[in-house]
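# Fold and contact review
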Amino acid sequence: MSDILTAVLVAIYFLAMVGIGIWASKKIHNMEDYVIAGRSLGFWVFTLLMIGSVCSGMSLLGVSGLGFKFAWPTIWEQIAVPLSIAFCIIFFGVKMYAVAKKSGYITVQDYLAHRFESNTSLRGLSALSGIVVSMIYLAGQYTAVSIVLMWLFKIPHLWALLIGAAIVTIYTVIGGLYAVSWTTLVQGVILIAGVLIMAPIVIMAAGGFTHINEVMASISPTNVDPWVVGGVFCPEYVISFFLLLTIGLACAPHVINNVLAVRDISYFKWAPLIAFVVYGIVMFLLKFAGFAGMSLVKEGLIVLPDVKNASDYIFVAGIEYALPSVLLWSVLGVIILAAVMSTTDRLMLTIGTYFSWDIYKKILKPDAPDKQVLLVSKISVLGAAVLTLLMAVSPPDMLVWLIWAGIGIMFATFAVPLLAGLYWRGATREGALASMALGLIAALFFGGLSYFKIKLIAMPMHFSFYAFVISLIAMIVVSMVTKKTSEKVLDETLTGWYIRR
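In this convention, every chain numbers its residues from 1, walking through the sequence in written order. Per-residue local features of the predicted model are confined to residues with pLDDT of at least 70, and side-chain atom pairs are confined, for both listing and counting, to 80 or more; whole-chain, interface and lining totals are unaffected and use all residues. Excluding hydrogens and water, the side-chain values take into account all heavy atoms of the structure.

## A few points about the overall build of the protein
Numbering of helices and strands starts at the N terminus; helices are DSSP runs of H or I of at least 4 residues and strands are runs of E of at least 2. Of regular secondary structure, the protein possesses 19 helices and zero strands. Expected size for 501 residues packed as a compact globule is a radius of gyration near 23 Å; at 22 Å, the protein falls within 12% of this value. Along the longest, intermediate and shortest principal axes, the C-alpha atoms of the protein span 65 × 55 × 40 Å. Burial status across the protein gives 62% buried among its 501 residues. The contacts in the protein between residues at least 6 apart in sequence include a share of 86% that link residues at least 24 apart. Here the accessible surface of atoms and residues is derived via Shrake-Rupley with a 1.4 Å probe, and residues count as covered only by protein chains that are part of the display. In the form shown here, the protein has an accessible surface area of approximately 18000 Å², with 73% of it arising from carbon and sulfur atoms. A gap of 8 Å separates the mean positions of the 30 positive and 23 negative side-chain charges of the protein. For this measure, only C-alpha atoms enter the radius of gyration; the expected value for a globule follows 2.2 Å times N^0.38, where N is the number of residues. Only protein chains enter the calculation, and the probe is 1.4 Å; a residue is then buried if its accessible area is under 20% of its type maximum, exposed if over 50%, and partly exposed in between. Only heavy atoms matter for contacts: two residues are in contact if any of them lie within 4.5 Å across the pair. Under the counting rule used here, the positive set is Lys and Arg, the negative set is Asp and Glu, and His together with the chain ends is not counted. Charged groups are reduced to one reference atom each: NZ for lysine, CZ for arginine, CG for aspartic acid, CD for glutamic acid.

## Details of the nonpolar core
Grouped burial of nonpolar side chains is what soluble globular proteins tend to show. What makes a nonpolar core is a set of buried Ala, Val, Leu, Ile, Met, Phe, Trp, Tyr and Cys residues whose side-chain atoms join them at distances within 4.5 Å. Membership of the largest hydrophobic core comes to 183 residues, with the highest contact counts inside it found for Phe-92, Tyr-142, Phe-268, Tyr-279, Leu-337 and Leu-418. Those residues within four positions of Leu-418 in sequence are excluded, and the remaining contacts are Phe-92, Met-96, Val-108, Tyr-111, Leu-112, Cys-251 and Ile-256.

## Some thoughts on a nonpolar patch on the surface
Among the surface-exposed residues, Val-469, Leu-472, Ile-473, Ile-476, Val-477, Met-480 and Val-481 lie close enough to one another that they form a single nonpolar patch of about 630 Å² accessible area. Residue placement: Ile-476 occurs in helix 18 (residues 463–480). Like-charged residues within 9 Å of one another, or nonpolar side chains (Val, Leu, Ile, Met, Phe, Trp, Tyr) within 5 Å, are grouped into patches, provided each residue has over 30% relative accessible area and no salt bridge. Each salt bridge in this description consists of a side-chain nitrogen of Lys or Arg and a carboxyl oxygen of Asp or Glu lying within 4 Å of one another.

## As for helix 3 (residues 43–54)
With twelve residues, helix 3 should reach 16 Å at 1.5 Å per residue; the first-to-last C-alpha distance of 17 Å fits that figure. In terms of burial, helix 3 is largely enclosed, as eleven of its twelve residues are buried. Those residues of helix 3 that sit buried are Phe-43, Val-45, Phe-46, Thr-47, Leu-48, Leu-49, Met-50, Ile-51, Gly-52, Ser-53 and Val-54. Between the first and last residue of a helix there are one fewer steps than residues, each counted as 1.5 Å, and that sum is the expected span.

## Overview of the side chain of Gln-78
Counting through the fold element by element, Gln-78 comes out in helix 5 (residues 77–103). Identification of polar contacts relies on pairs of N or O atoms within 3.5 Å, with a donor-acceptor requirement for protein atoms, meaning one able to donate a hydrogen and the other able to accept it, and with residues adjacent in sequence counted only if both atoms are side-chain atoms. Within the structure, Gln-78 has its side chain in polar contact with the side chain of Lys-287 (distance 3.5 Å).

## Focus: the pattern of salt bridges
Taken as a whole, this structure holds eight salt bridges when the rule is applied. With a closest N to O distance of 2.6 Å, Arg-123 and Asp-358 form a salt bridge. Of this pair, Arg-123 sits in helix 7 (residues 121–153) while Asp-358 sits in helix 14 (residues 326–364); the two residues are 235 residues apart in sequence, bridging distant segments of the chain. In terms of burial, Arg-123 and Asp-358 fall into one category: buried. In this structure, Arg-425 and Glu-487 form a salt bridge, with 2.7 Å as the shortest nitrogen-oxygen distance. Placement of Arg-425 in the loop between helix 16 (399–423) and helix 17 (429–451) and of Glu-487 in helix 19 (residues 487–492) is noted, with a sequence separation of 62 residues between them.

## Quick look at the packing of aromatic side chains
Pairing of aromatic side chains here covers Phe, Tyr and the six-membered ring of Trp, requires ring centres within 6.5 Å, and sorts the geometry by plane angle: under 30 degrees stacked, over 60 edge-to-face, intermediate tilted. One pass over the structure, following the stated rule, counts 22 aromatic pairs. On the basis of an interplanar angle of 45° and a centroid distance of 5.0 Å, the ring pair of Trp-72 and Phe-291 is categorised as tilted. Linking Trp-72 in the loop between helix 4 (57–70) and helix 5 with Phe-291 in helix 12 (residues 271–298), this pair joins segments that are 219 residues apart in sequence. Its relative accessible area of 2% is what places Phe-291 among the buried residues.

## Focus: helix 7
Since there are 3.6 residues in each turn of an α-helix, residues three or four apart along the chain are aligned in direction. With 33 residues, helix 7 ought to run about 48 Å at 1.5 Å a step, and its terminal C-alpha atoms sit 47 Å apart, in line with that. Of the residues one or two after helix 7, Lys-154 is the one with positive phi, at around 55°.

## Focus on the packing of helix 5 against helix 10 (residues 235–250)
The interhelical angle for the contact between helix 5 and helix 10, taken along N-to-C directions, is 40°, at an axis separation of 7 Å. Here helix 10 runs oblique to helix 5, going by the angle between their axes. Along this stretch, helix 5 crosses helix 10, giving a crossing that reads as right-handed. Two secondary-structure elements touch here, helix 5 through Glu-77, Ile-79, Ala-80, Val-81, Leu-83, Ser-84, Phe-87, Cys-88 and Phe-92 and helix 10 through Phe-241, Phe-242, Leu-245, Thr-246, Ile-247, Leu-249 and Ala-250. Partitioned by chemical class, the residues of the contact of helix 5 with helix 10 number 13 nonpolar, two polar and one charged. Axis definition: a line fitted to C-alpha atoms, over the contacting stretch in the case of helices. Angles run 0 to 180 degrees between N-to-C directions. To sort the angles, those under 35 degrees are grouped as roughly parallel, those over 145 as roughly antiparallel, those from 65 to 115 as roughly perpendicular, and the leftovers as oblique. Two helices cross in a left-handed way if the nearer one is turned anticlockwise from the farther one by less than a right angle. They cross in a right-handed way if the turn is clockwise. Residue polarity is assigned by list, with Asp, Glu, Lys and Arg as charged and Ala, Val, Leu, Ile, Met, Phe, Trp, Tyr, Cys and Pro as nonpolar; anything else, Gly included, falls into the polar class.

## Description of the packing of helix 3 against helix 12
Contact geometry of helix 3 with helix 12 gives a least axis separation of 10 Å together with a crossing angle of 45°. What the angle tells us is that helix 3 and helix 12 run oblique. Handedness of the helix 3/helix 12 crossing: right-handed. Contacts from Phe-43, Trp-44, Phe-46, Thr-47, Ile-51 and Val-54 of helix 3 reach helix 12 at Ala-271, Ile-274, Ala-275, Val-278 and Tyr-279. Per-class residue counts for the contact of helix 3 with helix 12 are ten nonpolar, one polar and no charged.

## So, the confidence of the model for the protein
pLDDT gives the predictor's per-residue confidence on a scale running from 0 to 100. Averaged over all residues, the pLDDT of the protein equals 86, while 94% of them reach at least 70. Mean pLDDT per element in the protein: helix 14 is the minimum at 79, and helix 18 is the maximum at 97.

## Description of unusual backbone geometry
The backbone of Arg-39 shows a phi angle near 50°, a positive value even though the residue is not glycine. Mapped onto the elements, Arg-39 comes out in the loop between helix 2 (31–36) and helix 3. With a phi close to 50°, Glu-117 is a non-glycine residue in the positive phi region. Looking at the element boundaries, Glu-117 is found in the loop between helix 6 (108–115) and helix 7. Residue Glu-117 is classed as partly exposed on the basis of its relative accessible area of 37%.

## Some points on the side chain of Arg-123
Residue classification places Arg-123 among the buried positions, given a relative accessible area of 3%. Polar side-chain contacts of Arg-123 include one of 2.9 Å to the side chain of Asn-119.

## Examining the environment of Phe-68
Within the fold, Phe-68 resides in helix 4. Note: C-alpha distance between Phe-68 and Gly-293 (225 residues apart in sequence) is 6.0 Å. In contact with Phe-68, other than residues within four places in its own chain, are Gly-290, Gly-293, Met-294, Val-297, Leu-304, Ser-311 and Ile-314.

## Some details on the state of the cysteines
Cysteine sulfurs are considered disulfide-paired once they come within 2.5 Å of each other. Scanning the entire structure with this criterion turns up zero disulfides. Cys-88 takes part in no disulfide bond, and the closest cysteine sulfur to it belongs to Cys-251, at a distance of 8.5 Å.

## Some thoughts on the environment of Ser-40
Residue position: Ser-40 is located in the loop between helix 2 and helix 3. Put simply, Ser-40 and Val-232 are 192 residues apart on the chain and 44 Å apart in space, counted from C-alpha to C-alpha. Here Ser-40 is in contact with Tyr-178, Ala-261 and Arg-263, once residues within four sequence places are set aside.

In structure tokens, the structure reads:
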């Protein structure tokens, strides 16, 4: 695998990404350019940026790995994840873009600070929460990049992490969202084309759908059921799973900030449908490739590596079996790298932005000039890269568990304050602070119980659902007994039970 051709193709891909970063850097004159690309993103760049922000290492490696391990009961993921893009654009994007363009927001924290009249406490809590959950999520992306580079070059996990992180960090630091959006455009096209070609080949190599389902059923009848009563994917878990992925990803900091960068609000008319259809097809194909991997392993046609997260290698192992050509492995390796890097860069930029703009500029040093804030943002991206690399050195048994943990904390922390802020005029500053703080604490608590398998209480649903309920109760109860937000601010932020006037 580690031959000259592979090295050359991967090097060309990496150099192209850095080249885009250098080109993009010439467009950056201030923080608005760096963070939201000067509100200049066209329709296809925006649509593919939304897909790329959601389509992470989980999509290529985690989704297929989950399908390999739990089969049909996990199929709900294929609807919920693409639906999150539509949910974000429709329920968050339309209103937030209209207010942002008038008020000059460049982060979602700008909106929260304005809506809840809290420029320090809520902004700071929201920014810190966004940084924490983004770093957890980012650790999963670095793990995915490492898996691909280890597969391509047979190098140790640590070296693969360092190489992947270095490339993504370089073009993100240099070019900001201009670089991230245009590299994601290239990566998105590569990803979609690659999955459309690769997944059907892996499925056919495993004997086709009928044979695959027969093999899965022979392993366990529950593999071909829509859920498993009393199992991991029981009906209760499936419901919480659907909410987690649809709403949790929609309010993820690295996803929702994209809606502030579009050139024209008219893009929101068709982008949700196109993103849902395109990404939905990609997700279903990847899940079916995971099913094919289960059949291939059962019949002894492929053997997974002896590592604790072996299921995450099922897609690359399936490709290796179905396409026994080093030339094709090299090309397809680049395709997989494109997918796993498309979210990594967006997360890094989000972390850098939240620290430099929302904490440094808006709280610690309001008089800081743009050049200084830009420098702090770039240093923050570098710092985030180092910390998340340390987190990714020892990944969990399945990559998807780490991804879901990040999404779950996002769901519990941001969903209620954002939805209540946009649609309920009774939501107050104190309600938002209580909701976000208790949601974050509860998510970390229940997530810890789930991860370490501590049977303190029965939790048939995903841990984030319990934290979400606590966040919702806190918002309602505290808002009912605290001072209401001024009507002027409510009107300025278009708060009310409508999407668009």
